[in-house]
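Secondary and tertiary structure notes
Here is how the chains run, residue by residue.
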Amino acid sequence: MTLQATDFSFVTQMIRQRSSIDLQPGKEYLVESRLAPIARSLGEKDVGGLVARLRKGDSSLSDAVVDALTTNETSWFRDTHPFDAFVQFLLPEVAKSTMSRQINIWSAACSSGQEAYSLAMLLLDWLPSHPGYTVRIIGTDISQKMVERARSARFSQLEVNRGLRAPYLVKHFDQSGRDWTLRPAVRDLCRFERGNLALPPTNVPTCDIVFLRNVLIYFDLDTKRTVLSHVRKVLRPGGYLVLGGAESTLNLDEAFQRQELGRAVVFRHTGGAA
Ligand SMILES: C[S@@+](CC[C@H](N)C(=O)[O-])C[C@H]1O[C@@H](n2cnc3c(N)ncnc32)[C@H](O)[C@@H]1O
């Protein structure tokens with residue numbers, strides 16, 4: 001470990017300012033191991049050299065540093081139960097209560113897009129038996145690299161092996177060399193944009209369902225509250241918020257009511273304030 005305490009503190013402050021991610025002392029090894037490849041690619045002998053460049057205000061490097069320090073772990077139909085609840089309860093429920101027959105879903109912190117595309121594939125099963133409905137999925141992430149990967153809709157064999165059901169691979173993907181590319185029917189339901197959850201959402205329409213999974217865990221309490229207040233701005237009253245298995249709105253935002261649906265837990269926006 002060669003990372004100086006002052007360099008660690010400089011990086012954690014920069015990450016907090018740009019992404020609100022809370023990197024506590026103890027994460028020195030993570031910072032060093034993730035930044036070392038960037039330092040090497042610049043010809044620096046260690047991460048200290050990279051931090052010196054950042055200190056001089058080399059802003060072109062900050063995106064790469066934020067990208068390297070965010071965890072982009074995701075998979076198809078991750079954790080299964082939220083997607084079962086989506087088909088069996090959330091979708092019928094919002095379809096019943098929407099006047100316009102337009103259903104909008106936000107995959108917030110979408111990483112490389114597997115969550116948004118998993119929802120799109122389920123919607124393509126549902127739409128033929130529900131004529132008159134249209135659906136839109138918007139995926140947002142702070143990482144430009146992830147947004148571009150999601151837009152490309154191209155996935156490696158390793159990635160498709162993670163949770164994708166075989167019939168969906170056959171039905172919705174084309175093989176491109178060693179990778180797999182999603183067909184237009186699925187892609188056309190989804191749009192991906194860059195967005196920081198710590199800032200009020202722009203380019204996100206009023207939504208019926210928000211998937212905000214496995215990202216609140218990286219924020220401190222104040223940021224969690226801020227992010228939930230931003231979700232409330234676009235989630236219509238009566239709409240549903242789906243969080244990661246280790247996340248809750250409890251003690252953070254009283255406008256959400258916890259509901260158990262089979263083996264999934266969702267949070268209904270009651271329309272009240274925090
Ligand atoms: C662990 S992944 C979760 C992906 C997906 N939601 C899932 O559950 O599979 C967390 C994602 O949050 C994104 N992220 C981190 N901080 C963010 C912020 N402030 N605003 C928007 N996205 C953020 C990261 O870039 C990363 O892609």
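These numbers were taken from a predicted model, which means no experiment stands behind them. (Residues numbered from 1 in each chain as written. Predicted model: local features only at pLDDT ≥ 70, side-chain atom pairs only at ≥ 80, totals over all residues.)

Comments concerning the overall build of the chain
Within the chain, the regular secondary structure consists of 11 helices and 10 strands. Its C-alpha atoms give the chain a radius of gyration of 20 Å, near enough to 19 Å, the size a compact globule of 274 residues would have. Among the 274 residues that make up the chain, the fraction classed as buried is 37%. Partitioning the contacts of the chain with sequence separation of at least 6, the portion at a separation of at least 24 is 74%. (Helix = DSSP H or I, 4+ residues; strand = E, 2+ residues; numbered from the N terminus. Rg over C-alpha atoms; globule rule 2.2 N^0.38 Å. Buried ≥ 20, exposed ≤ 12 C-beta atoms within 10 Å, placed from the backbone. Contact = placed C-beta atoms within 7 Å.)

Some remarks on the site of the ligand
If you check the shell around the ligand, you find 26 residues, and the closest are T74, A109, S111, I142 and R213. Taken together, the residues of the shell around the ligand sort by class into nine nonpolar, 12 polar and five charged. Structurally, the shell around the ligand is a two-domain feature, drawing no fewer than three residues from each of domain 1 (5-69) and domain 2 (81-269). (Near = placed C-beta within 6 Å. Nonpolar A, V, L, I, M, F, W, Y, C, P; charged D, E, K, R; others polar. Domains from an automatic or database assignment.)

Brief notes about helix α5 (residues 81-97)
The first and last C-alpha atoms of α5 sit 23 Å apart over 17 residues, in line with the 24 Å expected at 1.5 Å per residue. The sharpest bend along α5 reaches about 45° and sits at V87. Among all positions of α5, only P82, F83, A85, F86, L90, L91 and V94 are buried. Looking at the packing, one finds that the buried side of α5 touches β1 (102-108), α6 (114-126), β7 (207-212), β8 (235-243), β9 (256-261) and β10 (264-269). (Expected span 1.5 Å × (residues − 1). Bend = angle between axes of the 7 residues up to and from the residue.)

Description of the pairing of β10
Summarising the sheet, β8 and β10 pair through two bridges and their orientation is antiparallel. Note that in β10 the partner of Y240 across the bridge is R268. Sheet analysis places β9 next to β10, joined by six bridges and oriented antiparallel. Across the sheet, the residue bridging to F256 is H269, located in β10. (Pairing = 2+ DSSP bridges.)

Some points on the environment of G239
Inspection of the secondary structure puts G239 in strand β8. For G239, a count of 26 C-beta atoms within 10 Å puts it in the buried group. A C-alpha to C-alpha distance of 8.0 Å links G239 and T270, two positions 31 residues apart in sequence. Every residue in contact with G239, bar those within four places of it in the chain, is listed here: V94, C207, D208, I209 and H269.

A look at the sheet that holds strand β3 (residues 154-156)
One open sheet accounts for three strands, arranged β3-β5-β4; its pairing is antiparallel. At either end of the open sheet lies a strand with only one pairing partner, and these are β3 and β4 (173-176). Ignoring which end each strand starts from, the neighbouring axes of this sheet average 35° apart. (Axes fitted to C-alpha atoms, helices over the stretch in contact; angles between N-to-C directions.)

Here's the deal with the domain arrangement of the chain
With domains assigned, the chain is organised as domain 1 (5-69) and domain 2 (81-269). Here domain 1 and domain 2 have C-alpha centroids that lie 30 Å from each other. The dominant element in the side of domain 1 that touches domain 2, judged by the number of residues it contributes, is helix α4 (residues 59-69), at three residues. Along the lines of polarity and charge, the residues of the side of domain 1 that touches domain 2 split into two nonpolar, two polar and three charged.

Some words on the environment of E254
On the secondary structure map, E254 appears in the loop between β8 and β9. Exposure remark for E254: the 12 C-beta atoms within 10 Å place this residue in the exposed category. In this structure, the C-alpha to C-alpha distance between E254 and G272, residues 18 residues apart in sequence, is 7.8 Å.

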